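Coordinate analysis (summary)
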Amino acid sequence: MTTRPDAEERFYDFVVVSNRLPVDSVVGGDGRQRWTQSPGGLVAALEPVMQSRDGAWVGWPGQADLDLEPFDTDGMHLVPVPLSALEVEHYYEGFSNDTLWPLYHDVIAAPSFHREWWDTYRLVNTRFADRTAEVAAQGGLVWVQDYQLQLVPKLLRELRPDLTIGFFDHIPFPPYGLFSQLPWRTQVVEGLLGADVVGFQRDADAGNFQQAVRRLKGYATKGSHIEVPLVDTSPGVRVYGPIKRGQASRTVIAKKFPISIDAAFYREAAARPDIRARARQIRGDLGNPKTIMLGVDRLDYTKGIRHRLEAYGELLAEGRVNPEEVILVQVASPSRERVLSYMQLRDEIELTVGRINGDYSEIGHQAISYHHQNYPRDEMVALYLAADVMLVTALRDGMNLVAKEYVASRFDSDGVLVLSEFAGASDELTRAVLVNPHDIDGLKDAIMAAIELPARERESRMRYLRKRVFENDVEKWSSGFLHVLVHHHAIVASASASASAGAGADSSSEA
Ligand code: F6P
């Protein structure tokens, strides 16, 4: 990765705004600063989009109190937004990941509501909007990403009404019964309605958002269209209810755009001789078992790792799975390690892994090969190729790109995907072995079915899954979203131009 400071600041026609930049500043054990690829599916999905456009990416460089000049890396122009240590604690670890994250994921963990976290969330969202307003060209297109920045669309529209603004929510949008717990629910909805297009992973998410709009603002929704009045929304002015006749309004589109991956990258990487050799080596190092099962997740309570281990532990205990023939490789990449619920989860998972290994491993053969680490993409592809069964057992997940990466890597049309019906990916990947991870007996049966699936059935299912992933890759996601955004903006602009031309004609005739 090469980086160079960018001396003169330009204006950009296309700007992506996300909490994290695609690279993360980390300080190694030797005290030296270096850059790593940022965690998560958002960055993985947006990186190819940015590399193919001459745009700017506004985001946090991943380390507190790091105030950097804009710089270029890997064909992208990065504009860092600094956060103090207290802001990281209140905005990122607090409001984003201990309030919104659990609330938006079915309250799997209890959300915490703290007013000072909300105050910092607002402050940081304002800083992101200000920085974006400084780098976006006149009439430019801005694409804001994810739950950490839900107030940015409205703030940005107030600063720069000339911009076209899109927002994409990578995580689920909760049903109103849960969302309504949020003390600042109305401000969040108003923040999102500042966008021209609000994108979601599933129809259900878009529907939940529209319901929140109807309940909290009283605006009418029709299909994917929401009519938002153009009225004074300054503090103290309460706006509620549908548009009155003759009242000026703007239309916001809220609909699904399921995110995906750079599928060709995975197909090509998996076909490379060095990666295939590495996959064989992994199998050999694991003792060439009959079946390798694989889990790859950020270490997050939404991913259902505990349920997966419980099911696997019971299968071993009941003798339905022979530990000499089957191994589970679990990659649990470090995540949000200073948030209490994540610390507790890590303890719980590692205790369970230790117990299962203590009970069922032999010298030279483990029941679970557990890795609390991040691996480079090539190594992940080798792991996908080596794995006979991929376990994705999320309790709630916006999409789950790991499921799609596994499928795209299986150029041999082999391998079985066990997929939670609570992951957005299950809407498309309907020929995976679908499971309800809360149903431990059902999950055990699904794992056994996956292990025992005949070769012809594996192939026919995998071919179907691959077709879906290659038809809907990340290029299609981004171009689909941006097409709707640009098209919608053009319609709105021409409608307002003809309205003001009409007004101009009226006033001249009056004169
Ligand atoms: O899409 C979910 C998401 O929270 C992204 O916004 C984020 O980049 C990724 O997961 C990883 O999480 P974090 O940035 O908190 O490490």
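Residues numbered from 1 in each chain as written. Predicted model: local features only at pLDDT ≥ 70, side-chain atom pairs only at ≥ 80, totals over all residues. Heavy atoms only, no water.

**A look at the domain arrangement of the protein chain**
For the protein chain, the assigned domains are domain 1 (2-26 + 33-259 + 477-501) and domain 2 (263-471). Just the C-alpha atoms count here: the centres of domain 1 and domain 2 sit 32 Å apart. Between domain 1 and domain 2, roughly 1,900 Å² of surface is buried when both sides are summed, and carbon and sulfur atoms account for 56% of that area. Of all residues in domain 1, Trp 101, Ile 108 and Arg 202 bury the most surface against domain 2, accounting for 32% of the area lost on that side. Counting every contact that joins domain 1 to domain 2 gives three salt bridges. The residue Glu 93 makes a salt bridge to Arg 338 at a minimum N-O spacing of 2.8 Å. Linking domain 1 with domain 2 are 10 residue pairs in polar contact (both at pLDDT 80 or more), by the criterion used here. Tallying contributions element by element places helix α2 (residues 85-104) first for the side of domain 1 that touches domain 2, with six residues. (Domains from an automatic or database assignment. Buried area = accessible area lost by both parts, 1.4 Å probe. Salt bridge = Lys/Arg side-chain N within 4 Å of Asp/Glu carboxyl O. Polar contact = N/O pair within 3.5 Å; in protein donor to acceptor, adjacent residues only side chain to side chain. Helix = DSSP H or I, 4+ residues; strand = E, 2+ residues; numbered from the N terminus.)

**Brief notes about the packing of aromatic side chains**
Aromatic rings considered in pairs are described by the distance between their centres and by the relative angle of their planes. On inspection of all chains with the given rule, the structure shows 24 aromatic pairs. Ring centres 4.6 Å apart and planes at 15° place the aromatic pair Trp 143 and Phe 481 in the stacked group. Taken together, the residues Trp 143 in strand β8 (residues 136-145) and Phe 481 in helix α16 (residues 474-510) connect sequence positions 338 residues apart. Residue class for Trp 143 comes out buried when judged on its relative accessible area of 0%. Overall, Phe 481 belongs to the buried group, its relative accessible area being 0%. On the numbers, 5.3 Å between centres and 55° between planes, the contact of Tyr 301 with Tyr 342 is tilted. Pair noted here: Tyr 301 is in the loop between β14 (291-298) and α10 (305-317) and Tyr 342 is in helix α11 (residues 340-360), with a separation of 41 residues, a long-range link. By relative accessible area, which is 3% here, Tyr 342 ends up buried. Following the ring pairs from residue to residue traces out a cluster consisting of Tyr 91, Phe 95, Trp 118, Tyr 121, Phe 128 and Trp 184. One Lys or Arg, Arg 53, reaches over the ring of Phe 14 and ends 5.1 Å from the middle of that ring. For the cation-ring pair, Arg 377 lies above Phe 265, with the distance from its terminal atom to the ring centre recorded as 3.9 Å. (Phe/Tyr/Trp six-rings, centres within 6.5 Å; stacked < 30°, edge-to-face > 60°. Buried < 20%, exposed > 50% of the residue type's maximum accessible area, 1.4 Å probe, protein only. Lys NZ or Arg CZ within 6 Å of the ring centre and 35° of its normal.)

**Here's the deal with the site of the ligand**
As a matter of local geometry, the ligand sits amid 14 residues, with Arg 20, Tyr 92, Asp 146, Tyr 147 and Arg 336 nearest to it. Contacts to the ligand include Asp 146, whose side-chain N or O atom sits 2.6 Å from an oxygen atom. Partitioned by chemical class, the residues of the shell around the ligand number six nonpolar, four polar and four charged. (Near = heavy atom within 4 Å. Nonpolar A, V, L, I, M, F, W, Y, C, P; charged D, E, K, R; others polar.)

**Examining unusual backbone geometry**
Note: most residues except glycine have negative phi, and most peptide bonds are trans. Non-glycine residue Arg 336 carries a positive phi angle of around 45°. For Arg 336, a relative accessible area of 14% gives the class buried. For Ser 413, which is not glycine, the phi dihedral falls at a positive 55°. On the basis of relative accessible area, Ser 413 is assigned to the buried category, the value being 7%.

**Some remarks on the sheet that holds strand β17 (residues 389-392)**
If you trace the six strands from one edge of the open sheet to the other, you get β16-β15-β14-β17-β18-β19, paired in parallel fashion. The open sheet has two free edges, formed respectively by β16 (368-371) and β19 (433-435), since each of these has just one partner strand. Mean inter-strand twist for the sheet, computed between neighbouring axes without regard to direction, equals 20°. As paired elements, strand β15 (residues 326-333) and β16 share four bridges and run parallel to each other. Looking at β16, one finds that Val 331 is bridged to His 371. (Pairing = 2+ DSSP bridges. Axes fitted to C-alpha atoms, helices over the stretch in contact; angles between N-to-C directions.)

**A few points about helix α7 (residues 203-217)**
A rise of 1.5 Å per residue sets the reference length of α7, with its 15 residues, at 21 Å; its end C-alpha atoms lie 21 Å apart and thus fit the reference within 8%. Among the residues of α7, those classed as buried are Asp 205, Ala 206, Asn 208, Phe 209, Gln 210, Ala 212, Val 213, Leu 216 and Lys 217. On the buried face of α7, the contacting elements are α5 (176-179), α6 (185-192), β10 (197-200), β11 (221-222), β12 (225-229) and β13 (249-256). A positive phi of about 75° marks Gly 218, the residue just after α7. (Expected span 1.5 Å × (residues − 1). Contact = heavy atoms within 4.5 Å.)

**Some words on the side chain of Asp 146**
Residue placement: Asp 146 occurs in the loop between β8 and α4 (152-159). With no salt bridge to any partner, buried Asp 146 finds its closest opposite charge in Arg 336, at an N-O distance of 6.9 Å. When near neighbours in sequence (up to four residues on either side) are disregarded, Asp 146 contacts Leu 42, Phe 167, Phe 168, Asp 169, His 170 and Ile 171. (Lys, Arg positive; Asp, Glu negative; His and termini not counted.)

**A word on the packing of helix α8 (residues 263-271) against helix α13 (residues 401-409)**
Between α8 and α13, the shortest axis-to-axis distance is 8 Å and the interhelical angle comes to 45°. Between α8 and α13, the crossing angle belongs to the class labelled oblique. When you trace α8 past α13, the crossing you get is right-handed. Two secondary-structure elements touch here, α8 through Ala 263, Tyr 266, Arg 267 and Ala 270 and α13 through Glu 405, Ala 408 and Ser 409. Each residue belonging to the contact of α8 with α13 can be placed in one class, and the counts come to four nonpolar, one polar and two charged. (Parallel < 35°, antiparallel > 145°, perpendicular 65-115°, else oblique. Left-handed = near helix turned anticlockwise from the far one by under 90°.)

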